[in-house]
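Here is what each chain is made of, one letter per residue.
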Amino acid sequence: HLTRLAESLEWRGDDRAVSAYRAALQADGESIAATHGLSRLVATSNDPTLLTEAARREAHVSRDGRAAADLLVRSALTRLLQFDDPTGAVLDLEQALVAWPDHEPAATELTRLLRRNGDEARAVELLSRAGNAATLPERRAALWTEVAELQANELGNHQAAIAALHRVIRQAPDHVEAQLR
């Protein structure tokens, strides 16, 4: 009944809907309806804490990694643009890649932030994990190609760069970018 109350408050545009969804989730942490309701509410929110909470619940309950990654990327961007919190943004983006390793915006923004902070080694580590876990062949190739580029141009580790490119070519023999490098 708490979920129904939250839905009713949401429908009326009442700010208490967030608290009601949280109460419903406290009573039943596996409630798909309450989880989706909370996720709907954060669609217009700029509260990084709420975005992160909804993303984690979405990933846990619905097993929808893509939706969770989308929310975590929004949270990261909010942390950056409104709160100047690059550390929190990096953590959200890292979680986004764990939730959905194929998530291109998460990988792109994470790489950009870590490069800006001079932490290319961590970018290599996180992108390598995502490359191993990615399910889409084109995303695996893109992730490993980025790892190779970081290894060669930022870290000066040409052997590691070549090994990353070999991974791409083994999985996608016709991958033109990997062959050209």
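Our structure is the block above this text.
Asker: Requested: an account of the pattern of salt bridges, with residues and values cited.
Answerer: Once their charged atoms are close, side chains differing in charge can pair, the charge on each being opposite to the other. Within this structure, the stated rule accounts for 13 salt bridges. A salt bridge links Arg-16 to Asp-14, with the shortest nitrogen-to-oxygen separation between them at 2.7 Å. On the basis of relative accessibility, which here comes to 22%, the residue Asp-14 falls in the partly exposed class. A salt bridge links Arg-57 to Glu-53, with the nearest nitrogen and oxygen atoms 3.4 Å apart. With Arg-57 and Glu-53 both in helix 4 (residues 48-61), this residue pair falls four residues apart, about one helical turn. Via salt bridges that share partners, Arg-115, Glu-146, Glu-149 and Glu-154 belong to a single interconnected network.

Asker: Describe the side chain of Glu-120, and please don't skip the residues or the numbers.
Answerer: Tracing the backbone shows Glu-120 in helix 8 (residues 120-133). Residues in contact with Glu-120, not counting those within four places in the same chain, are Leu-114, Arg-115, Leu-150, Glu-154 and Leu-155.

Asker: Lay out unusual backbone geometry in plain terms, naming residues and giving numbers.
Answerer: Trans is the prevailing form of peptide bonds, just as negative phi is the prevailing case for residues other than glycine. Positioned with a positive phi, Asp-84 is a non-glycine residue whose angle comes to about 45 degrees. Among the secondary structure elements, Asp-84 is positioned in the loop between helix 5 (65-83) and helix 6 (86-99). Owing to a relative accessible area of 64%, Asp-84 belongs among the exposed residues under this scheme.

Asker: Describe the nonpolar core, and please don't skip the residues or the numbers.
Answerer: Residues Leu-38, Leu-93, Leu-97, Leu-110 and Leu-127 are the most contacted members of the largest nonpolar core, which totals 48 residues. For this core, the leading source of residues is helix 9 (residues 137-154), giving seven residues. Setting aside residues up to four positions removed in sequence, Leu-93 forms contacts with Val-73, Ala-76, Ala-106, Glu-109, Leu-110 and Leu-113.

Asker: Can you break down the packing of helix 1 (residues 2-12) against helix 3 (residues 32-42) residue by residue, with the values?
Answerer: Interaxial distance between helix 1 and helix 3 falls to 10 Å at its minimum, and their mutual angle equals 20 degrees. When the axes of helix 1 and helix 3 are compared, the pair comes out roughly parallel. Crossing hand, helix 1 versus helix 3: left-handed. Here helix 1 contributes Thr-3, Glu-7 and Glu-10 to the contact with helix 3, which in turn contributes Ala-33, Ala-34, Gly-37, Arg-40 and Leu-41. Considered class by class, the residues forming the contact of helix 1 with helix 3 number three nonpolar, two polar and three charged.

About the criteria used
- Residues numbered from 1 in each chain as written.
- Predicted model: local features only at pLDDT ≥ 70, side-chain atom pairs only at ≥ 80, totals over all residues.
- Heavy atoms only, no water.
- Salt bridge = Lys/Arg side-chain N within 4 Å of Asp/Glu carboxyl O.
- Buried < 20%, exposed > 50% of the residue type's maximum accessible area, 1.4 Å probe, protein only.
- Helix = DSSP H or I, 4+ residues; strand = E, 2+ residues; numbered from the N terminus.
- Contact = heavy atoms within 4.5 Å.
- Core = buried A, V, L, I, M, F, W, Y, C linked by side-chain atoms within 4.5 Å.
- Axes fitted to C-alpha atoms, helices over the stretch in contact; angles between N-to-C directions.
- Parallel < 35°, antiparallel > 145°, perpendicular 65-115°, else oblique.
- Left-handed = near helix turned anticlockwise from the far one by under 90°.
- Nonpolar A, V, L, I, M, F, W, Y, C, P; charged D, E, K, R; others polar.

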